[in-house]
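Each chain is listed here by its residues.
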Amino acid sequence: METKKVELDLIIKGCIQNERKAQEKLFAMFYGKMLSVCFRYTIDHDSAQEILQDGFIKVFEKIGTFDFKGSFEGWLRRIIANTAIDSIRKNKKKPVLFENDTDFVSEIINPMEDAEIESFKTLKAEIAMEAIKKLSPAYKTVFNLYVLEEYTHKEIAEILGISEGTSKSNLAKAKQNLQRMIETKLVKFD
Amino acid sequence: MNNIEEIFRNSLKNIEAPYDPKAWEAMSKRLDQKLPVKNPKTSFKWTWFASGLIVIAVASYFAIQKNEPKTILADKSVQQKTEISAENQIESKGKSVKQVAKINESEITQTTNTKIENQIQFEKAHLIFNPAKIDTPIETISANALLGTPSVFKTPKTGTKYCENEIVTIQNSNDLSLGLVSSNGFNSVIKANSSSNIELNPGDYFYSYLLNGKKEREIAFTVYAKVKADFYADEEMVFYKGLPVSNLSSTNTASKYTWLNDKGVVLSKEKSFDAHFFSKGNHAVTLAIQAENGCESKITKNVRCEASYNLLAMNSFIPTSSNSKINTFLPYALLERNIPFTMQIIDPKTGQILYETKSESEPWDGIDKRTQQLIAPSTPYIWKVNLEKTEIGESKNYQGTITRFED
């Protein structure tokens, strides 16, 4: 077993005991990654920090239910992402104006040639973040959940209270918009 | 279109904002509200114990004062007031020592007796109440502080993980006792400034100690169960590519495997491997494993080899036969193993070499190179093979006899 895994297990066990030192270590360990998750759903630093704190409170409350079998980071990430979605819901009555199911027509998408996209091997993380931020809340949320958090459309539909078709439609349009940003050199690839 | 997904996924996969320590400060404050760290009941007891000590200290002081000449000069009412103040102080946690002392002072000025001795007495009483002249509220003055014990507890420096049956020395360099408890039911106290050797059993171990009247608990280390190493060997040895093969396989899945022979030479680092045993008898093989939890275990077993290996050489041939498989002589293993060698055929009567070859394509055809004649039948000749490259545990030299049979 890797030392890191052992250390993490010890920290988690400390958190289960509600030990502040362990909680601080866990917070510091995942702060950077989880704040980046929060950033994808919000527009400003303060909101992201607030969501992060709410998320970690939930994590510390629920950490006793972690079974040490799966990936802890995955478990943590889901709680943080769900907190972000809850936060969007709370802050606005109709936070994400999801489009009607009928809007989804995959054929309308005119993607870049695969070969062209293939040539873009890497995309700077900051630019990717910037591009996602430029998406509308509806597209951004579905794109985050589907592509980055790897939820299924069915799960997204349940989480957001929309239909699967709407989820697919929003994803397709999010991707289309991101693609347009690439084409118009709004974002540049290395 | 999925490429877009991939590109964004890859680019954001490892994105990490820099850590801001202030974030934890804010987080910690919220945690104090949402998930306050509970003080165990024992700390409550300790608070009362500390309070009791103060009462005893005050009472003792005045008992002593009564017997000293200076106390005779003191106004009795001041003593009584002071005692009452001490009790009040214990009961009303919010008040500071300093505040109580000030009240006493004002009360003293109201008394008619203003002799300097009273002032001296008051100062002494004040010192007993507040030995370190602390402005801190009484509730934060711990039993430890009153007893002159340190305000910091250093938990022993140990590893974060151990394995079953390991013995660890826990050094408690504090002036306070240290408790060591485990989820497996283990419970021990290591006295102040002493050490203890503890044999570990699987479970989570915690340090427990009383500091500033609070029971503190910290995860110490985790002890993992040992996975006992064991292996099995193929019952029958087989020959593969000219070599004797016995498959040995660990019965447990582990993260690391090390197979050793009786000389400590590493035979393999795989879970299962083909071992080669060349001589008849028992061969001690040790398997050391490191389980996935990091714990190590090893076992040594004898693997029985039923027959010595001699390059799979036949002991007779028929040079006059038309069958190419039997009309020349070369130990069979040399055809399979593809290793550099030298083979000599020796006349047992004279010790002279009558044939030598280094190539598997030039086996001995039964001709004595000295006379260019076919050797006599039914007479055993000696063959010797020297290998330039050998397997672990294998001899470089082999020998046997070869006899010509007539067709």
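All values derive from a computational prediction rather than experimental measurement.

Our focus in this paragraph is the environment of Leu287(B). All names here are of chain B. Its place among the elements puts Leu287 in strand E14 (residues 281-290). Residue class for Leu287 comes out buried when judged on its relative accessible area of 0%. C-alpha separation for the pair Leu287 and Lys271, spaced 16 residues apart in sequence, amounts to 9.6 Å. Leave out the neighbours within four places in its chain, and Leu287 touches Ala229, Asp230, Phe231, Ser250, Tyr257, Thr258, Trp259, Ser297, Lys298 and Ile299.

With that settled, the discussion passes to a negative patch on the surface. On the surface, Asp234(B), Glu235(B), Glu236(B) and Asp274(B) cluster together to form a negatively charged patch. Its relative accessible area of 39% is what places Asp274(B) among the partly exposed residues.

In this section: the sheet that holds strand E22 (residues 397-404) of chain B. Residues and elements named next belong to chain B. Sheet architecture is open: five strands sit in the order E16-E22-E21-E17-E18, paired in mixed fashion. Each edge of the open sheet is held by one strand with a lone partner, namely strand E16 (316-317) and strand E18 (353-357). In terms of strand pairing, strand E17 (residues 341-346) meets strand E21 (residues 380-387) through six bridges, oriented antiparallel. Among the inter-strand pairings, Gln344 is bridged to a residue of E21, identified as Lys384.

Moving on, we get to the nonpolar core. Grouped together as the largest cluster of nonpolar side chains are 64 residues, with contacts concentrated most on Leu26(A), Phe56(A), Phe72(A) and Phe143(A). Ranked by the residues each element gives to this core, the list is headed by helix H2 (residues 20-41) of chain A, at eleven residues. When neighbours within four sequence positions are excluded, Phe72(A) is seen to be in contact with Leu8(A), Ile12(A), Leu26(A), Phe30(A), Ile63(A) and Phe66(A). Ranked by size, the runner-up nonpolar core spans 23 residues in total, among them Leu334(B), Ile339(B), Ile345(B) and Ile375(B).

Turning to the confidence of the model for chain A, a few remarks are in order. Residue and element names in this part refer to chain A. Considering every residue of chain A, the mean pLDDT works out to 76; 76% of them sit at 70 or more. Predicted confidence in chain A is weakest over helix H5 (residues 114-118), with a mean pLDDT of 41, and strongest over helix H3 (residues 45-62), with 90. Ignoring residues within four places in sequence, the model shows residues 93-121, a span with pLDDT below 50, making 51 contacts including any to other chains. Note that residues 185-190 has pLDDT below 50 and, in this model, 15 contacts with residues that lie over four places away or in other chains.

Between chain B and chain A, the contact holds 44 residues from the first and 55 residues from the second. When the two sides are added together, the surface that chain B and chain A hide from each other amounts to roughly 4400 Å², 65% of it contributed by carbon and sulfur. Linking chain B to chain A there are six salt bridges. For Lys13(A), the salt bridge goes to Asp204(B), with nearest N and O atoms at 2.9 Å. Inspection of the chain B/chain A interface yields 14 residue pairs in polar contact (both at pLDDT 80 or more). Where the side of chain B that touches chain A is concerned, the elements lending two or more residues are helix H1 (2-13), helix H2 (21-34), strand E6 (203-211) and strand E7 (214-224) of chain B. Of the residues in the side of chain B that touches chain A, the class split is 22 nonpolar, nine polar and 13 charged.

Reading the values: rules and limits
Residues numbered from 1 in each chain as written. Chains lettered and ligands numbered in written order. Predicted model: local features only at pLDDT ≥ 70, side-chain atom pairs only at ≥ 80, totals over all residues. Heavy atoms only, no water. Helix = DSSP H or I, 4+ residues; strand = E, 2+ residues; numbered from the N terminus. Buried < 20%, exposed > 50% of the residue type's maximum accessible area, 1.4 Å probe, protein only. Contact = heavy atoms within 4.5 Å. Patch = residues over 30% accessible without salt bridge, like charges linked within 9 Å, V, L, I, M, F, W, Y side chains within 5 Å. Areas by Shrake-Rupley, 256 points an atom, 1.4 Å probe, with all protein chains shown as cover. Salt bridge = Lys/Arg side-chain N within 4 Å of Asp/Glu carboxyl O. Lys, Arg positive; Asp, Glu negative; His and termini not counted. Charge placed at Lys NZ, Arg CZ, Asp CG, Glu CD. Pairing = 2+ DSSP bridges. Core = buried A, V, L, I, M, F, W, Y, C linked by side-chain atoms within 4.5 Å. pLDDT = per-residue confidence, 0-100. Buried area = accessible area lost by both parts, 1.4 Å probe. Polar contact = N/O pair within 3.5 Å; in protein donor to acceptor, adjacent residues only side chain to side chain. Nonpolar A, V, L, I, M, F, W, Y, C, P; charged D, E, K, R; others polar.

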